[in-house]
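Overview (structure and organization)
Here's the letter readout for the chains.
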Amino acid sequence: MEQFIRLDGLVAPLDRANVDTDAIIPKQFLKSIHRSGFGPYLFDEWRYLDHGEPGMDCSKRPKNPDFVLNQPRYEGAQILLVRENFGCGSSREHAPWALLDYGFRALIGPSFADIFYNNCFKNGLLPIVLPAEEVDRLFRECEATPGYRLVIDLPSQTITTPEGRVISFEIDPFRKECLLNGWDDIALTLRHADEIRRFEAAYRARHPYYFVEESAA
Amino acid sequence: MNAKTLYDKLWDAHLVRQEPDGTALIYIDRHLIHEVTSPQAFEGLRLAGRKPWRTASVVATADHNVPTDPGESEIRDPVSREQVVTLDQNIRAFGALRYFPFRDPRQGIVHVIGPESGATLPGMTVVCGDSHTSTHGAFACLAHGIGTSEVEHVLATQCLIQKKAKNMRVRVDGSLPPGVYAKDVILAIIGRIGTAGGTGHAIEFAGEAIRSLSMEGRMTVCNMAIEAGARVGMVAVDDKTIDYFRDKPLAPKGELWEQAVDYWRTLVSDADARFDREVVLDASILKPQVTWGTSPEMVTDIEGRVPDPAAFADPVKRDAAERALAYMGLEPGTPIREIKVDQVFIGSCTNSRIEDLRAAAAVVRGRKKAPNVKRVLVVPGSGLVKEQAEEEGLHRIFLEAGFEWRDPGCSMCLAMNADRLEPGERCASTSNRNFEGRQGAGGRTHLVSPAMAAAAAIAGHFVDVRELLPAAV
Ligand code: SF4
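Residues numbered from 1 in each chain as written. Chains lettered and ligands numbered in written order. Predicted model: local features only at pLDDT ≥ 70, side-chain atom pairs only at ≥ 80, totals over all residues. Heavy atoms only, no water.

Things to note about the sheet that holds strand β1 (residues 15-18) of chain B
Residues and elements named next belong to chain B. Strand order in the open sheet formed by three strands is β1-β2-β8, with antiparallel pairing between adjacent strands. Looking along the sheet, the strands with just one partner apiece sit at the ends: β1 and β8 (159-162). Neighbour-to-neighbour, the strand axes of this sheet turn through a mean angle of 20°, independent of strand direction. Relative to strand β2 (residues 24-27), β1 runs antiparallel, the two being bridged by three bridges. (Pairing = 2+ DSSP bridges. Helix = DSSP H or I, 4+ residues; strand = E, 2+ residues; numbered from the N terminus. Axes fitted to C-alpha atoms, helices over the stretch in contact; angles between N-to-C directions.)

Describing the domain arrangement of chain B
All names here are of chain B. Segmentation of chain B into domains returns domain 1 (6-277) and domain 2 (291-467). For domain 1 versus domain 2, the separation of C-alpha centres amounts to 24 Å. Across the boundary between the two partners, domain 1 contributes 43 residues, which contact 44 residues of domain 2. For the pair domain 1 and domain 2, the summed buried surface comes to about 3300 Å²; carbon and sulfur atoms form 58% of the total. When the buried surface of domain 1 facing domain 2 is broken down by residue, Thr68, Ile109 and Lys183 rank first, second and third, together holding 19% of it. On the surface where domain 1 and domain 2 come into contact, there are three salt bridges. Between Arg433 and Glu227 there is a salt bridge, and its shortest N-O distance comes to 2.8 Å. Taken together, the links from domain 1 to domain 2 amount to 20 residue pairs in polar contact (both at pLDDT 80 or more). Elements with a minimum of two residues in the side of domain 1 that touches domain 2: α3 (78-94), α4 (110-117), α6 (182-193) and α8 (215-223). In terms of residue class, the side of domain 1 that touches domain 2 is made up of 14 nonpolar, 20 polar and nine charged. (Domains from an automatic or database assignment. Contact = heavy atoms within 4.5 Å. Buried area = accessible area lost by both parts, 1.4 Å probe. Salt bridge = Lys/Arg side-chain N within 4 Å of Asp/Glu carboxyl O. Polar contact = N/O pair within 3.5 Å; in protein donor to acceptor, adjacent residues only side chain to side chain. Nonpolar A, V, L, I, M, F, W, Y, C, P; charged D, E, K, R; others polar.)

Structural notes on the side chain of A:Arg83
All names here are of chain A. Tracing the sequence through the fold places Arg83 in the loop between β2 (79-81) and α3 (94-102). Residue classification places Arg83 among the buried residues on the basis of a relative accessible area of 16%. At 2.7 Å, the side chain of Arg83 and the side chain of Asp15 are in polar contact. A polar contact of 2.7 Å, which involves the side chain of Arg83, links it to the side chain of Asp136. Those residues within four positions of Arg83 in sequence are excluded, and the remaining contacts are Leu14, Asp15, Arg16, Ala17, Pro110, Ser111, Val135, Asp136 and Phe139. (Buried < 20%, exposed > 50% of the residue type's maximum accessible area, 1.4 Å probe, protein only.)

Okay, structure coming up:
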């Protein structure tokens, strides 16, 4: 998992409440054997005028000009402003995979659905919860200011606006440490690799019959 | 005080470390892999530049997507084919102790080939990206079904992150009457405790009726522990368990065998061990079971009737029953025996082993499929089961009755390959899930034992198999 320390990124506003994971990445894309490559299909039903299927060349599909991410001014955005209960619905981990693959590294909103929120941290995507009025203000500023960027600094837990306003946010200390270090579950377990190796050696001595083929090989 | 359950013993033997909040790392002996839940796990390893911890713990096969039409050497559906080809590539790149690819003579359903090859051994921790991994608990294994991110975690660390479950014992006393099988036992248990009855618990199945089951029968029972909400189901070691492994290719030999057997004999709950919960059933009064709804707990016996939803006191259950009957196209009060079937499926990791095929064949011998039954699929669980059945001539009994004799795979257990129900079709199935759409969109599933499925194929509707059995005359 990629580390998250500081991000100076272009912001895009997605002004809809209760965006569910099927809207983030529709179910026909779940048959894929990959966890990357979902970016072109992110928000597929909103982004394109035709019906998307896995394997389509999205550069040739008719885009919906009204959808916010299709506006040239938001091209290359890394921070997505969202409304309440973002990520509700099915627990698919493909939703954070798709957001990341598109290029987003952080989400800012008043609330997130629970499983989605957890899945974000597992994949190095930072979901920031701010009071609704603060999110409103960011939406207004972003829409009024072409090229609107925010600086997210995880160590100090702050967001800095272009005019220098500093907003603090809360985050669970353990999750923060994991993001700062790029630790996913596997990396966390591998911090105990020596202990696992010691256990394995002793276990193997006690139960050699579970390791027959390896000794023979 | 120090008395331990079988689950306690297996847990303690594999506990690497435990956090103060109870989160533990459990060492994994055997990792079974199939094509559906593994591609993203291997990709995750690749993206992070990680290597598998112990490839010799991995045994893999292709089962969910493979066609079971004999002679079909190709997977036509491009998505299915891609998953199978990707597994081939991943196993080539990362390695495994054994791989049984599509069209290998030993290929089969992952939960059938694990024990049959000796990849599963008593006392092991077994994981697989499939919820029916509890099957392996029949051999006193601690066996967990896991998700794709856990598959990746086990590949990379050889450990599973777990919190210890509570201990539950389901004791089935008495002996099973003729015509009543392991499948009826587990359906009756689920009917009694409900699909959430085992949630948060590891279930040990015990008692005279369980002891008298063959290893195949015990697998059928443990297979559906997850349908009772328990991620883990187990049966203690006895002579049958040990005898089962004597001739298995991956089982230890010689002195190591002796050493292993000494250990395996300890894999029983201590006499004074405490269980957080205990349920007792009397086997001698059990009758052949048939599910009528869209959850395995919606079950009654062959003498029963489709229930009236209005009779359920609990409003949630009443609603569920109403919805189930609408989906299943059934009227309250209909005798189970009057329900006609369109298709019959004998197979799946619940009931596709040699004993299951023998039980079905005993009913079918010399009889013919009813004209109203469109299709009867008999799908052996593995290449070896198929071979054995053909040696015994079982396939001829099925073919002469007008059944189809197929190649190994998950087949119509789930609608992921070419075998599936059409909307509205009704199926007597030996699989484990009767959820909406499980066997094909709009398909209606009734879970039964192999003998009951065979009997329904002959009669064209559900019928009491005890009346058809040679022994009953
Ligand atoms: S037979 Fe059915 S339940 Fe068993 S592994 Fe295959 S799909 Fe899963």
